[in-house]
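Chain by chain, the residues run as shown.
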Amino acid sequence: MEALLKAGLPARICAVISNDPAAKGLATAAAQGIPTAVVDHKAHATREAFDAALAQAIDAHRADLVVLAGFMRILTADFVGRYRGRMVNIHPSLLPSFTGLHTHRQALAAGVRIHGCTVHFVTPQLDHGPVIIQAAVPVLPGDTEETLAARVLGEEHRIYPQALRWLCEDRVTMDAGGRVIIRDAVQASGALRSPATDA
Ligand code: NHR
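Residues numbered from 1 in each chain as written. Predicted model: local features only at pLDDT ≥ 70, side-chain atom pairs only at ≥ 80, totals over all residues. Heavy atoms only, no water.

**Q** For the packing of aromatic side chains, give the residues involved together with the corresponding values.
**A** This structure, assessed with the given rule, holds 1 aromatic pair. Between the aromatic rings of Phe-79 and Tyr-83, the centroid separation amounts to 5.0 Å while the plane-to-plane angle is 55 degrees, which identifies the pairing as tilted. According to the relative accessible area criterion, Phe-79 is buried, its value standing at 4%. Judged by its relative accessible area of 1%, Tyr-83 is buried. (Phe/Tyr/Trp six-rings, centres within 6.5 Å; stacked < 30°, edge-to-face > 60°. Buried < 20%, exposed > 50% of the residue type's maximum accessible area, 1.4 Å probe, protein only.)

Right, here's the structure in full:
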């Protein structure tokens, strides 16, 4: 979230909203004069009630885009539908591999040599929305969850601002069939290899 605030996006951050009153991002936002709100899931009996309150908080700020960053509550289909094509998430794996939680642990256990992160539109099925952009990093000998997470996080801080810039410029959209259309993006054609092949 801090990386997004620093990115100088062609957008006004209309609010930072968290379900966790102790979230550091709230204090960071408030210190920059950005409106904040807390919708505590623990104060709501059902997911539906929580999501209704969350939608009310978002809509009070007339947000065009809903940007999940470390948001850890599974959202109902009704909520997701309300923001169809306007809500994105960054997930710390190369989807469709390693959905859900503890993705770096999952990657190490699976023994993959390449890992990474994915920005995707949010759809009702958790971590299954269509992909906007991905970045890959090598998994290196001796990596721990922490070292791997840090390497992935560096890439998260590059691709999320990029994806949001494209969204702000209306260069990325989700079509009626749930496919992502990106206009005029630079296409990388070189293969990513880890380990590198012998010279
Ligand atoms: N909601 C929908 N409908 N679809 C998605 O793609 C979503 C979503 C809500 C959040 C972020 C996702 C991630 O990138 C996200 C994507 C929370 C959980 C989870 O299991 C899983 C994935 C993500 C976020 N949440 C538990 C729950 O019961 C609580 C876990 C906890 O508090 O530690 O909500 O990681």
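**Q** Talk me through unusual backbone geometry; I want residue IDs and the actual numbers.
**A** In this model, Leu-95 is joined to Pro-96 through a cis peptide bond whose omega is 10 degrees. When you line up the elements, Pro-96 lands in the loop between β4 (87–91) and α5 (103–110). Across the junction of Ser-194 and Pro-195, the peptide omega takes the value -5 degrees, indicating a cis bond. With respect to the helices and strands, Pro-195 occurs in the segment after β8 (180–182). Positive phi outside glycine occurs at Arg-62, with the angle close to 55 degrees. Tracing the sequence through the fold places Arg-62 in the loop between α3 (47–60) and β3 (66–68). (Helix = DSSP H or I, 4+ residues; strand = E, 2+ residues; numbered from the N terminus.)

**Q** I'd love a proper account of the nonpolar core, names of residues and values included.
**A** Counting residues in hydrophobic clusters, the biggest one holds 24 residues, and the most contacted among them are Val-88, Val-119 and Ile-132. Those elements giving two or more residues to this core turn out to be β4, β5 (114–121), β6 (131–138), α6 (145–168) and β7 (172–174). Ranked by residue count, the leading element in this core is α6, at 8 residues. Setting aside chain neighbours within four positions, we find Val-88 in contact with Val-66, Val-67, Leu-68, Val-119, His-120, Phe-121, Val-122, Ile-132, Tyr-160, Leu-164 and Leu-167. Core analysis: the next-biggest nonpolar cluster, separate from the first, contains 18 residues, Phe-50, Ala-53, Ile-58 and Leu-68 among them. (Core = buried A, V, L, I, M, F, W, Y, C linked by side-chain atoms within 4.5 Å. Contact = heavy atoms within 4.5 Å.)

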